[in-house]
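Reading the structure
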Amino acid sequence: MSSVIVGRTGPFTGQSVVLGGAPIRFGRKSDNDVIIISTSASRLHAEILPEDGAFVLYDRNSRNGTFVNERRVTRHVLATGDSIRIGDETFLFETQEAMETVMDLSQLEMLRADNSANPGDLRVTVTGGGPVGLAFALLLESALPGKVSITVYDGRWIRNGSTVVWKDESHGNVRRQQVVTVQSRQYLALTEEMQSTLFTAGGYSEMWPVGPDSVDGRPPRNIRIAYIEDKLLELANAKSAIHLVPKHFDPKEHEHRLAQDHVLVISEGGRSRTREHFADRFGSADASIYSLDGEHLQDVVLGLRVKSRLSDPMSVLLTVAQNRFLLNSLRGEGFLNMRLTREEAHNVIGIDPVRQVFEECIAARPCLMSRHEDNEFVCPTHGTLFLPALLRGSPLWKRILEGLRLFGVPENDLTAITSFRLDMVQRPRFTAQLTRPTATTPGTYGFLLGDAANAIHFWPGRGLNSGLASAASLARSLSRVWRGRPLRDADFIRHEAAMSMLQYRHKSRAWNAMVTTDEVGVTRAIKDIIARSMGEDGAAAEAEVGRPDLDLLMDRMRAIRERLAPRLPGMPDDEELYSHLSTLAPSTLRTLQESGAWDTLIVSGEEADIDIFYQSESPVFVARPTDPRVSGQGTGPRQPEALDPA
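Parameters at a glance
Residues numbered from 1 in each chain as written. Predicted model: local features only at pLDDT ≥ 70, side-chain atom pairs only at ≥ 80, totals over all residues. Heavy atoms only, no water. Axes fitted to C-alpha atoms, helices over the stretch in contact; angles between N-to-C directions. Helix = DSSP H or I, 4+ residues; strand = E, 2+ residues; numbered from the N terminus. Parallel < 35°, antiparallel > 145°, perpendicular 65-115°, else oblique. Left-handed = near helix turned anticlockwise from the far one by under 90°. Contact = heavy atoms within 4.5 Å. Nonpolar A, V, L, I, M, F, W, Y, C, P; charged D, E, K, R; others polar. Buried < 20%, exposed > 50% of the residue type's maximum accessible area, 1.4 Å probe, protein only. Pairing = 2+ DSSP bridges. Expected span 1.5 Å × (residues − 1). Salt bridge = Lys/Arg side-chain N within 4 Å of Asp/Glu carboxyl O. Polar contact = N/O pair within 3.5 Å; in protein donor to acceptor, adjacent residues only side chain to side chain.

So, about the packing of helix α16 (residues 549-564) against helix α18 (residues 586-595). At a closest axis distance of 9 Å, the pairing of α16 and α18 adopts a crossing angle of 45°. Overall, the two elements α16 and α18 adopt an arrangement that is oblique. The element α16 and its partner α18 pack so that their crossing is left-handed. In this structure, α16 contributes Asp549, Leu550, Leu552, Leu553 and Arg556 to the contact, and α18 contributes Leu589, Arg590, Leu592 and Gln593. In terms of residue class, the contact of α16 with α18 is made up of 5 nonpolar, 1 polar and 3 charged.

Pasting the structure below:
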């Protein structure tokens, strides 16, 4: 009886090698019978030899080992059903009679898939296995059961036995502990399995009230990004159609493989190398639309990991009443985001205590500095210390402590510091044909998802909500159009329209979180208004005669409380508010008052609804990119409106 090796995951999925009297060699070198282009594979990695009527697998001193049924072997007599892992590829040992299709891979060109094998399978590569990339993979696997093969790459993973897990701090990966707010419109678009896995008792909270866009009256949910990552990766590990590769994706290294795929999904984040590799296909981004007076506007935000002792209703009220600080938490634990002025941003630096030189790792990478003894915040990657914390008398450190006081955080409950930037551009397209069909290749389409498409960060979860919506849109488009034939531009008109709407809606919100327009129509950056309130620009704002800043803040909070009370019980009364705010320094009260309230009607109003593009006979219109400053949303005085502040 003849036997075969069948590709189980990876580029050789569904293809077979007939085992006979000759050895079969596996490895990266081009003279191997099965060529595996992977940094995890050695030049000559393994070999199968016929011996005494059986087939024996030998490891040829490979660097990363050869595995059978997830046990490392040097010599193994193969038995029916054995699973072999070499590098990032897995194979199944089976008898020939059990296979529907047999072909000799030794006759293939390097990494060239035969399109006649499994013609009904949609072959997809995903770069970036964060929440958006994994959500897309799981949604597509559910929508095309038995008709899709998905490979997901992420260098932040590591293999642990038969599964892939996230690297931890011992591997140099400081996991994101931010708490994000997921809108009900987005989490209800996930599969039932994904929802039940993510939203377990104790794994989330509902800090923010029901708003105008809440679906079925369900409020937004606060959840840690790390928890989302872990749970979605657990689900992906259990799906036979999803192959997880714990390495960064290199488009040059995988050029031959990509030519055999139908789809490349780029979801590596805002600094995606894969997107830049295909920049000529996706077009140049435009920064001018997010500029003031010719300057591309950027915000730098300091992320302070804290544990607040205030109630959620008090934290919500304090957050939406001013534009300097924003707390998003899970039962009090989360990140306090502090909007920095230009001068403060220049002071977000670390110092190397050995070389006595300054480093910008926390601002440029950014890194996360954890608290050690003696009030030192240490970067585990670069060994630097957070300089403002060492200089306890520095203006920035004093203002950080005032932010902690505002949200009832003892100094010892500030456990880590990081930073991030809000830096938006307008992208001309999110879909592009990367290669055209040939006699031997299907033609590959590329798609931008998540931060690779729209980097939106200031409100925790804004980028994630946009990313989940884009993942759901693409999964719907692909599942509707896939018929085993080459894809076409026309197949993705609805998805491109949905992406354009997401870009406009979410970035318009982000823009209105960065600027404000006064009564006479002058638009200024909020960070510059904050700087002026502190006198950083040499001209402190004049106080309103007879109205101390505390009184003005109290009036603002009363108005916000009146609107929120029907949807958020437990709001603090005047006495509690006044007592809490009275502990702040007059300079802090001035900054909070001058920064203005969140423009919640714009920043947190109605969500972009991609469902309208997938209704039967629904018209599709891709709008021309519009400048949010002249769209009618960014004009007029900022007033606190009806709230859905997530």
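Strand β31 (residues 431-435) sits mainly inside the fold: 4 of its 5 residues count as buried. In this structure, β31 lies alongside strand β32 (residues 444-448), joined through 4 bridges in antiparallel fashion. Of the residues in β32, the one forming a bridge with alanine 432 is glycine 446.

A few words now on helix α8 (residues 312-320). Counting buried residues in α8 gives 8 out of 9 residues, a clear majority hidden from the surface. Every buried residue of α8 is accounted for by Pro313, Met314, Ser315, Val316, Leu317, Leu318, Thr319 and Val320.

A few words on the sheet that holds β32. Pairing is mixed across the open sheet formed by 6 strands, whose spatial order is β18-β13-β12-β19-β32-β31. What marks the edges here is a single partner per strand, and that holds for β18 (242-245) and β31. Recorded for the sheet is a direction-independent mean angle of 20° between the axes of neighbouring strands. One ladder, built from 4 bridges, connects strand β12 (residues 122-127) with strand β19 (residues 263-266); its direction is parallel.

This paragraph deals with helix α13 (residues 462-481). Look at α13: 29 Å from first C-alpha to last across 20 residues, which is about the 28 Å you get at 1.5 Å a residue. Across the 20 residues of α13, 18 count as buried, placing the element largely inside the fold.

With that settled, the discussion passes to the packing of α8 against helix α17 (residues 574-581). The geometry of α8 relative to α17 is characterised by a closest axis approach of 12 Å and an angle of 65° between their N-to-C directions. For α8 against α17, the interelement crossing comes out right-handed. Along the contact surface, α8 presents Met314, Leu317 and Leu318, while α17 presents Glu576, Leu577, His580 and Leu581. Looking at the contact of α8 with α17 residue by residue, the classes come out as 5 nonpolar, 1 polar and 1 charged.

Okay, the pattern of salt bridges next. Tallied over the full model, the rule gives 28 salt bridges. The residue arginine 275 makes a salt bridge to glutamate 276 at a minimum N-O spacing of 2.8 Å. Assessed through its relative accessible area of 44%, glutamate 276 is described here as partly exposed. The partner of aspartate 299 in a salt bridge is arginine 339, with the nearest N and O atoms 2.9 Å apart. Taken together, the residues span a long stretch of sequence, with aspartate 299 in strand β22 (residues 299-307) and arginine 339 in strand β24 (residues 333-339) at a distance of 40 residues. For arginine 339, a relative accessible area of 0% translates into the label buried.

Another point: the side chain of threonine 431. Checked against the element boundaries, threonine 431 lands in strand β31. Here the side chain of threonine 431 touches glutamate 496 through a polar contact of 2.8 Å, side chain to side chain.

Below, the discussion takes up the pairing of strand β14 (residues 157-160). As defined by bridge partners, β14 adjoins strand β15 (residues 163-166) across 4 bridges and the pair is classed as antiparallel. Within β15, the position partnered with tryptophan 157 by the bridge is tryptophan 166. Taking the residues that link successive antiparallel strands as the turn, the β14-β15 hairpin has 2 residues, and the phi of glycine 161 there is positive, at about 70°.

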